[in-house]
Amino acid sequence: MKGFPAVLETLLTTESIAIFAMLVIFSAFSFGKKLLSVRGIIFADAVGIIAFALGGLLAAGTLLFFYVVAEASTRIARKTAEHGQRTISNIFANSAAAIIALFFGQYAAFFGAVSAALADTVSSEIGMLSRKKPVLITSLKEVEMGTDGGVTVLGIVAGAVAASFIALIFFFTVKQSAVGFVAITLAGLVGTLFDSLLGAVFERKGMLNNTHVNLLAGIAGAMVALAFSGLI
């Protein structure tokens, strides 16, 4: 049985201190800016701790990176408007597939799921800045901005760039593989397009809600990366 000093030394590892500091800063910032409710912050912190337990500081840090970039894209797109607080449903939908991938030790799938979630978020937000009206992904007919299933060239490009950010993290921290970089980027692009397809076919008809669509998009991204995992 370990003595107290040994147990304390185990708990106070560099990574443990780092994740604690990250969560404190994240919580304080989110609360101060009213980006999340108290319940949302607690839930997000729990997701971060689970990610850390399953995938270490890299996994938790990647999810934090997702949050920062997603929030930045929202603020860029809505310069003059206050956006509502992100909910537990938002956090769950954007992180569930990634956490499941970590549980099964599938790191490529984890990055694929995060790539899809970030690409979808950035695509939706930056797409709002498009000077051209979006088109419905199933018919390519123009629709009003904000229509479920609507896509813009600007949004798709922004989503692909966001996905490449996650792919770069994978490339420099997991495996320096060109195939891996392409796979994670592709996972993000497929995820955001799949999200739009589900939005056009099911969400517009009330058969699925935004949480369902985002969750399925994350799963799609994870599956794409998993399909390439043998080649990475």
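Above this text is the structure in question.
Keep in mind it's a predicted model, so treat the numbers as computed, not measured.

What to know about the packing of helix α5 (residues 107-127) against helix α7 (residues 178-201)
Then step 1. Packing of α5 against α7 brings their axes to within 7 Å, and their N-to-C directions diverge by 50°. For the element pair α5 / α7, the angle class is oblique. Considering only the axes of α5 and α7, their crossing is right-handed. Contact residues: α5 offers Ala-108, Phe-111, Gly-112, Ser-115, Ala-116, Ala-119, Asp-120 and Ser-123, while α7 offers Ile-184, Thr-185, Ala-187, Gly-188, Gly-191, Thr-192 and Asp-195.
Then step 2. Of the residues contributing to the contact of α5 with α7, the split by class is 6 nonpolar, 7 polar and 2 charged.

Here we look at the pattern of salt bridges
Then step 1. Applying the stated criterion to the full structure yields 2 salt bridges.
Then step 2. We note a salt bridge from Arg-75 to Glu-71, for which the minimum N-O separation is 3.3 Å. Linking Arg-75 with Glu-71, this pair stays in helix α3 (residues 38-77), spanning 4 residues, or about one helical turn.
Then step 3. We classify Arg-75 as partly exposed; its relative accessible area is 41%.
Then step 4. Among the ionic pairs, Glu-144 bridges to Lys-133, the shortest N-O distance being 2.9 Å. Residue Glu-144 is located in the loop between β1 (135-136) and β2 (150-151), and its partner Lys-133 is located in the loop between α5 and β1; the two are separated by 11 residues in the primary sequence.

Quick notes on the rules
- Residues numbered from 1 in each chain as written.
- Predicted model: local features only at pLDDT ≥ 70, side-chain atom pairs only at ≥ 80, totals over all residues.
- Heavy atoms only, no water.
- Axes fitted to C-alpha atoms, helices over the stretch in contact; angles between N-to-C directions.
- Helix = DSSP H or I, 4+ residues; strand = E, 2+ residues; numbered from the N terminus.
- Parallel < 35°, antiparallel > 145°, perpendicular 65-115°, else oblique.
- Left-handed = near helix turned anticlockwise from the far one by under 90°.
- Contact = heavy atoms within 4.5 Å.
- Nonpolar A, V, L, I, M, F, W, Y, C, P; charged D, E, K, R; others polar.
- Salt bridge = Lys/Arg side-chain N within 4 Å of Asp/Glu carboxyl O.
- Buried < 20%, exposed > 50% of the residue type's maximum accessible area, 1.4 Å probe, protein only.

In short, the description is geometric, and any link to function would need to be established separately.
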